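Spelled out from the first residue to the last, the chains are:
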Amino acid sequence: MFKAKAKQELQELTCLYEIAKALNSALELKKSLYEVLDLLSRHLGMNRGAITIFNPLTSEIRTEVAHGLDSEAKNRGRYKPGEGITGRVVETGQPIVVPHISQEPLFLNRTGARSRMDKSDISFFCVPIKDNMQVVGTLSVDRSFSETRSPGDDLQLLTIIATLIAQKVLILEKISVEKEQLERENLRLRNELEQKYRFSNIMGTSKGMQEVFRQISQVAKSGATVLLRGESGTGKELVAHAIHYNSLKSQGPFVKVNCAAIPSTLAESELFGHEKGAFTGAVRAKPGKFELAIGGTLFLDEVGSLNLEGQGKLLRVIQEKEMERLGGTKMIKVDVRLIAATNRDLEL
C-alpha cells in the first residue's frame with residue numbers, strides 16, 4: 001500500500017515538473033497548453049482533456065485546446081455560464097467532481113466524444129482557472145473510474161495545474177478579446193469606407209458625369225481590368241475606390257501604388273517582391289504589392305511611368321494570373337483585381 005502511494009506521488013511530482021517546464025519553455029501559447037493535456041494523459045492516464053476560455057465580451061465559454069477530441073468535437077464545446085458542468089464551474093468558481101458521468105444530469109456531453117462509451121465507468125473532473133477571484137476558464141479531464149484512487153487526490157493535482165496554467169490562459173484570453181475588438185473595428189472602418197465611396201458621394205450632375213457613374217456601376221461587379229484616364233486632380237483615385245468597394249472583392253484589401261514615385265531599378269521588387277539575397281541589400285524576403293493585394297484590388301496610379309520592361313512583366317501577370325518574386329523560382333497565384341490610372345496619352 002505504501003509503495004503504491006509513493007509511486008503515485010512520484011508520478012504526480014514528475015507530471016507537475018514536466019508541466020511547469022513545458023509552460024515556461026514553449027513560446028507558442030497553444031502549443032504549451034496542448035502539451036499540458038498530453039502530459040496529463042501520459043503520466044496520469046487521463047483519457048480526454050480540455051482547456052476552455054471564458055470570453056466576457058460574448059459571455060461564451062469555448063474549448064480552446066483539447067486532447068482526445070477531434071476538431072469537430074472541439075468546436076462543439078461551447079457553453080454559457082451556468083450551462084452544464086463547465087458553465088457551472090465558471091459561474092461559481094468551484095471545482096466539480098463527477099464519479100460516474102452517466103449519473104450526472106449536468107453532464108451535457110456537448111462535444112459528443114463519449115456518445116459510444118460506457119459512461120458508468122468514466123469519472124469527470126472540472127476545475128476553474130482563476131486570476132485572483134475572477135474565473136477566466138476551466139481545466140477538465142476524464143479518466144476511467146477507480147475505486148482504489150481517491151477523487152480528492154486528482155482534484156488537488158488538477159487545481160495545482162490550473163494555477164500553473166492560469167497566466168498562459170490569461171494571455172490567450174487577452175489576445176482573443178483584442179482580436180475580436182480589432183475585427184469589430186475593422187468591420188466598422190470598412191463600412192465607413194463603403195459608405196464614403198458610394199457612387200452617390202462622387203460629385204457631379206452633368207451628362208458626362210452621369211455616363212461615368214454608369215460605366216463605374218457596369219464595370220464594378222465584373223472582374224475586368226480597368227484603365228482610368230484623365231488629367232491630374234479629376235478624381236481617378238476616387239473612382240478606383242468606388243469600383244473596389246462596390247465590387248465582389250470589396251472585402252479584400254485595396255492596395256495603392258504610385259508608379260511615378262518608384263525608381264525604375266526598384267519597380268520589379270516593389271510590384272512582385274523579392275527573395276533574400278536577390279540583390280545587394282536584400283537581407284530578407286519581402287512580398288510585393290501584388291501579393292499584398294491578393295483577394296482584393298491593386299491600384300496602379302500613374303501606370304504610364306513604368307518603363308517598358310516593367311510594363312511587359314505587368315502584362316504577363318495580368319494574362320497568366322501568376323508571378324514569381326525577384327530571385328525566386330516558385331510561381332505564386334495572384335487573384336487580384338487590377339485598376340490602373342494615368343494622365344498620359346498612352347497611344348503616343
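What you see is a predicted model; the values in this text were computed from it and never measured.

Cut-off values and rules
- Residues numbered from 1 in each chain as written.
- Predicted model: local features only at pLDDT ≥ 70, side-chain atom pairs only at ≥ 80, totals over all residues.
- Heavy atoms only, no water.
- Helix = DSSP H or I, 4+ residues; strand = E, 2+ residues; numbered from the N terminus.
- Salt bridge = Lys/Arg side-chain N within 4 Å of Asp/Glu carboxyl O.
- Buried < 20%, exposed > 50% of the residue type's maximum accessible area, 1.4 Å probe, protein only.
- Contact = heavy atoms within 4.5 Å.
- Pairing = 2+ DSSP bridges.
- Axes fitted to C-alpha atoms, helices over the stretch in contact; angles between N-to-C directions.
- Phe/Tyr/Trp six-rings, centres within 6.5 Å; stacked < 30°, edge-to-face > 60°.
- Polar contact = N/O pair within 3.5 Å; in protein donor to acceptor, adjacent residues only side chain to side chain.
- Core = buried A, V, L, I, M, F, W, Y, C linked by side-chain atoms within 4.5 Å.

K.L.:
I keep staring at unusual backbone geometry and nothing clicks. Help me out?
P.N.:
Unusually for a residue other than glycine, E302 sits at a positive phi of about 55 degrees. Summarising the element assignment, E302 is placed in the loop between β11 (297-301) and α10 (308-320). Even without being a glycine, K321 presents a positive backbone phi close to 60 degrees. Counting through the fold element by element, K321 comes out in the loop between α10 and β12 (322-323).

K.L.:
Would you mind showing me how to read the pattern of salt bridges here?
P.N.:
If the charged atoms of two oppositely charged side chains come close together, the side chains can form a pair. Within this structure, the stated rule accounts for 14 salt bridges. The shortest N-O distance in the salt bridge between R42 and D38 comes to 2.9 Å. Here R42 and its partner D38 are both found in helix α2 (residues 29-44), four residues apart, which amounts to about one turn of the helix. With relative accessibility at 55%, the residue R42 sits in the exposed group. Within this structure, E268, E309 and K313 form a network of salt bridges that share partners.

K.L.:
Quick question: what am I supposed to make of helix α4 (residues 84-92) here?
P.N.:
Counting along an α-helix, one turn takes 3.6 residues, and residues three or four places apart therefore face a common direction. Within α4, the full set of buried residues consists of G84, I85, T86, G87, V89 and V90. Lining the buried residues of α4 we find β1 (48-55), β2 (60-67), β3 (78-79), β4 (96-98), β5 (122-131) and β6 (134-144). Following α4 by one or two positions, G93 adopts a phi angle in the positive range, close to 75 degrees.

K.L.:
Looking at this structure, I do not really get the sheet that holds β2. What am I missing?
P.N.:
Strand pairing in a sheet relies on backbone hydrogen bonds, with the paired strands running either antiparallel or parallel. Here we have six strands laid out as an open sheet, ordered β3-β2-β1-β6-β5-β4, and antiparallel in their pairing. Each edge of the open sheet carries a strand with a single partner, namely β3 and β4. Pairing of β1 with β6, which is carried by six bridges, proceeds in the antiparallel orientation. Bridging across to β6, I53 finds its partner in G137. Contacting β1, β2 and β6, α2 runs over the sheet at an angle of about 60 degrees to β2.

K.L.:
Teacher, can you tell me more about the packing of aromatic side chains here?
P.N.:
Two descriptors summarise a pair of aromatic rings, namely the distance from one centre to the other and the angle between the planes of the rings. The full count for this structure, using the stated rule, is two aromatic pairs. Note on F272 and F290: the rings are 5.7 Å apart at their centroids and 20 degrees apart in plane angle, and the pair reads as stacked. Remark: F290 occurs in helix α9 (residues 289-292) and F272 occurs in helix α8 (residues 267-272); sequence separation between them is 18 residues. For the residue pair F272 and F290, the accessibility class agrees, reading buried in each case.

K.L.:
Just to check I follow, could you spell out the sheet that holds strand β14 (residues 337-342) for this structure?
P.N.:
Pairing is parallel across the open sheet formed by four strands, whose spatial order is β7-β14-β11-β8. With partners counted over all chains shown, the strands left at the sheet margins are β7 (226-229) and β8 (254-258), one partner each. Recorded for the sheet is a direction-independent mean angle of 15 degrees between the axes of neighbouring strands. Pairing between β11 and β14: four bridges, direction parallel. Within β14, the position partnered with L298 by the bridge is L338. Sheet strands touched by helix α7 (residues 236-245): β7, β8, β11 and β14. Its angle to β7, the strand with the most contacts, is close to 155 degrees.

K.L.:
Please clarify how the environment of T138 should be interpreted in this entry.
P.N.:
Here T138 lies in strand β6. Judged by relative accessible area, T138 falls into the buried class, the value being 0%. Discounting residues that sit within four places of it in the chain, T138 has contacts with A50, I51, T52, T86, V89, V90, C126, V127, P128 and I129. Reaching out from T138, the side chain makes a polar contact with the side chain of T52 at a distance of 2.5 Å.

K.L.:
Would you mind going over the nonpolar core with me for this structure?
P.N.:
Generally speaking, soluble globular proteins have nonpolar side chains that are buried together. In this structure, L40, L139 and I161 are the most contacted members of the largest nonpolar core, which totals 27 residues. Contributions of two or more residues to this core are made by α1 (2-25), α2, β5, β6 and α5 (151-196). For this core, the leading source of residues is α5, giving seven residues. Non-local contacts of L40, meaning those with residues more than four positions away in its chain, are made with C15, I19, G45, M46, L139, V141, L158 and I161.

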